[in-house]
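Per-entry structural report
If you want the building blocks of each chain, they are given just below.
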Amino acid sequence: MMKYIYLFLITSVLGFTACQTKNKQVEETNHSKLDCKIGIQTYTFHKFTLMETLDKTKELGLDYAEAFFFQELGDSFGKETYLNYDLSQTQKEQLKKEFEKRGIKPYSFGVAFYDTIEDWEKFFTFSKEMGIHTVTCEPKLEHLDFVEQMALKYQIEVAIHNHPDPSVYADPNVLVKALEGRHPIMGVCADIGHWKRSGFDPIETLRKFDGRIKVVHLKDLSSDLEDTTWGTGILPVKEAVEELKKQQFDGLISIEYENFSDSQIDDIEKSLKFFESVRN
């Protein structure tokens, strides 16, 4: 009898150990690669038209775009025609075709700011018409309930961005509190460069929003806090990617260079090579 009890105990221990090993392997597999989208924040090329920006995005081999409003459209749209919700139906259809023929998905619009709920409704309606997945924005705190209503109505995710002061969201703790109890459709556009500029640790702040991050403005900064090639500056970009792996982030990483330079394409290509080396 003791022999059978002993064998049962040994089998149970071995089975438990094998299960632990398997779970660990599954966990390691899940975190082995950052499986997300990567695209351009069109403000990176704000000195060009949107059509020129899309051509540069295609040149970089990127499939997604986060488009900021009031960039001149260019090409056949006519001079001084800008990306905005007041485009005509014909212009909207033409814009869709311009994205499609380049093989670029307009994943997000933003970063958006509006003073009235009427403008927010127009913004969401236009975003729905254009097939937008997520809007990046900085609504007034008193508009958050309405923005959440629009997000649910149109099934568009909201990613709240964090410009430095005087933005109310410069302090991530304000956003933590603002998102408490809200629908999962409401989340964060994590700009790690602006967190650094506002005096917050980017990695600790990413952890505050585990499960809420929809879009990331991945950046690296020089010692004077200007944009630089990823992996060459003072920001812990590799550690940020590792944290996003742990969170199983699958949203959009948006490339945004706010300080335009003639070496923009070269910098982005180097940043993409760095990203590929650390995402796996």
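Scroll up for the structure.
Below you will find a few notes about this structure. (Residues numbered from 1 in each chain as written. Predicted model: local features only at pLDDT ≥ 70, side-chain atom pairs only at ≥ 80, totals over all residues. Heavy atoms only, no water.)

1. Thoughts on the overall build of the chain
- The secondary structure content of the chain amounts to 10 helices and 10 strands.
- For the chain, buried positions account for 49% of its 280 residues.
- A separation of at least 24 residues holds for 71% of the contacts in the chain among residues at least 6 apart in sequence.
- Per element, the accessible surface of the chain, about 13,900 Å² overall, is 51% carbon and sulfur. (Helix = DSSP H or I, 4+ residues; strand = E, 2+ residues; numbered from the N terminus. Buried < 20%, exposed > 50% of the residue type's maximum accessible area, 1.4 Å probe, protein only. Contact = heavy atoms within 4.5 Å. Areas by Shrake-Rupley, 256 points an atom, 1.4 Å probe, with all protein chains shown as cover.)

2. Observations regarding the layout of surface pockets
- Considering only enclosed or pocket space, the largest pocket measures out at about 240 Å³ in volume.
- Considering the residues around the largest pocket, the lining is formed by 13 residues, among which Phe68, Gly110, Val111, Ala112 and Phe113 are closest to the centre.
- No other element matches strand β3 (residues 105–112), which puts three residues into the lining of the largest pocket.
- Taken together, the residues that form the lining of the largest pocket break down as eight nonpolar, three polar and two charged.
- What lines the second largest pocket is a set of 13 residues, and nearest its centre among them are Ile213, Lys214, Phe249, Asp250 and Gly251. (1 Å grid on protein atoms, 1.4 Å probe; cavity = no way out; pocket = protein on both sides within 12 Å on 5 of 7 lines; lining within 4 Å. Points joined across faces, edges and corners; volume = space filled by probe spheres on them. Nonpolar A, V, L, I, M, F, W, Y, C, P; charged D, E, K, R; others polar.)

3. Let's talk about empty space enclosed by the protein
- Throughout the structure, instances matching the rule amount to one cavity of 30 Å³ or more.
- Computed from the structure, the largest cavity encloses a volume of approximately 40 Å³.
- Around the largest cavity sit Leu218, Lys219, Asp220, Asp227, Thr228, Trp230, Ile255, Glu256 and Tyr257, which together line it.
- Counted by class, the lining of the largest cavity contains four nonpolar, one polar and four charged residues.

4. Structural notes on the pattern of salt bridges
- Summed over the entire model, instances satisfying the criterion amount to 20 salt bridges.
- Here Asp55 makes a salt bridge to Arg102, at a shortest N to O gap of 2.7 Å. Here the residue Asp55 occupies a position in helix α2 (residues 50–59), and Arg102 occupies one in the loop between α3 (89–101) and β3, the gap between them amounting to 47 residues.
- With relative accessibility at 9%, the residue Arg102 sits in the buried group.
- The closest approach of N and O atoms between Glu98 and Lys101, which form a salt bridge, is 3.2 Å. Of the two residues, Glu98 and Lys101 are both situated in helix α3; the distance of three residues between them amounts to about one turn of the helix.
- For Lys101, a relative accessible area of 57% corresponds to the exposed category.
- Within the structure, one salt-bridge network assembled from shared partners comprises Asp191, Arg197, Lys219, Asp227, Glu256 and Glu258. (Salt bridge = Lys/Arg side-chain N within 4 Å of Asp/Glu carboxyl O.)

5. Focus on the pairing of strand β4 (residues 134–137)
- Burial of the side chains of β4 extends over both faces: Thr134 and Thr136 are buried on one face and Val135 and Cys137 on the other.
- Across three bridges, the pairing between β3 and β4 is parallel. Among the inter-strand pairings, Phe109 is bridged to a residue of β4, identified as Val135.
- Handedness of the crossover joining β3 and β4 through helix α4 (residues 117–129): right-handed. (Pairing = 2+ DSSP bridges. Right-handed = clockwise from strand over helix to strand, strands pointing away.)

6. With respect to the packing of aromatic side chains
- Taken as a whole and assessed by the stated rule, the structure comprises 16 aromatic pairs.
- With centroids separated by 5.9 Å and ring planes inclined at 70°, the aromatic side chains of Phe69 and Phe126 adopt a geometry described as edge-to-face. Within this pair, whereas Phe69 is found in the loop between β2 (64–67) and α3, its partner Phe126 is found in helix α4, the two being separated by 57 residues in sequence.
- Note on Phe126: relative accessible area 1%, which makes it buried.
- When the centroid spacing of 5.8 Å and the interplanar angle of 75° are considered together, the rings of Phe123 and Phe124 count as edge-to-face. (Phe/Tyr/Trp six-rings, centres within 6.5 Å; stacked < 30°, edge-to-face > 60°.)

7. Some details on the sheet that holds strand β5 (residues 157–160)
- With parallel pairing, the eight strands of this closed barrel are ordered in space as β1-β2-β3-β4-β5-β6-β7-β10. Averaged over all pairs of adjacent strands, the angle between their axes in this sheet comes to 30°, without regard to strand direction.
- Relative to β2, strand β1 (residues 37–41) runs parallel, the two being bridged by three bridges. Bridge assignment links Gly39 to a residue of β2, and that residue is Tyr64. (Axes fitted to C-alpha atoms, helices over the stretch in contact; angles between N-to-C directions.)

8. Focus on the pairing of β2
- Read as a crossover between parallel neighbours, the route from β1 over α2 to β2 is right-handed.
- The sheet contact formed by β2 and β3 spans four bridges and is parallel. Across the sheet, Ala67 pairs through a bridge with Phe109, a residue of β3.
- With respect to chirality, the unit in which β2 leads through α3 into the neighbouring parallel β3 is right-handed.

9. Re helix α9 (residues 237–246)
- Looking at α9, one finds that the buried residues are Val237, Ala240, Val241, Glu243, Leu244 and Lys245.
- Against α7 (192–197), α8 (202–208), β7 (213–217), β8 (220–221), β10 (252–255) and α10 (264–279) lie the buried residues of α9.
- Remark: Gln248 follows α9 within two positions and exhibits a positive phi of approximately 55°.

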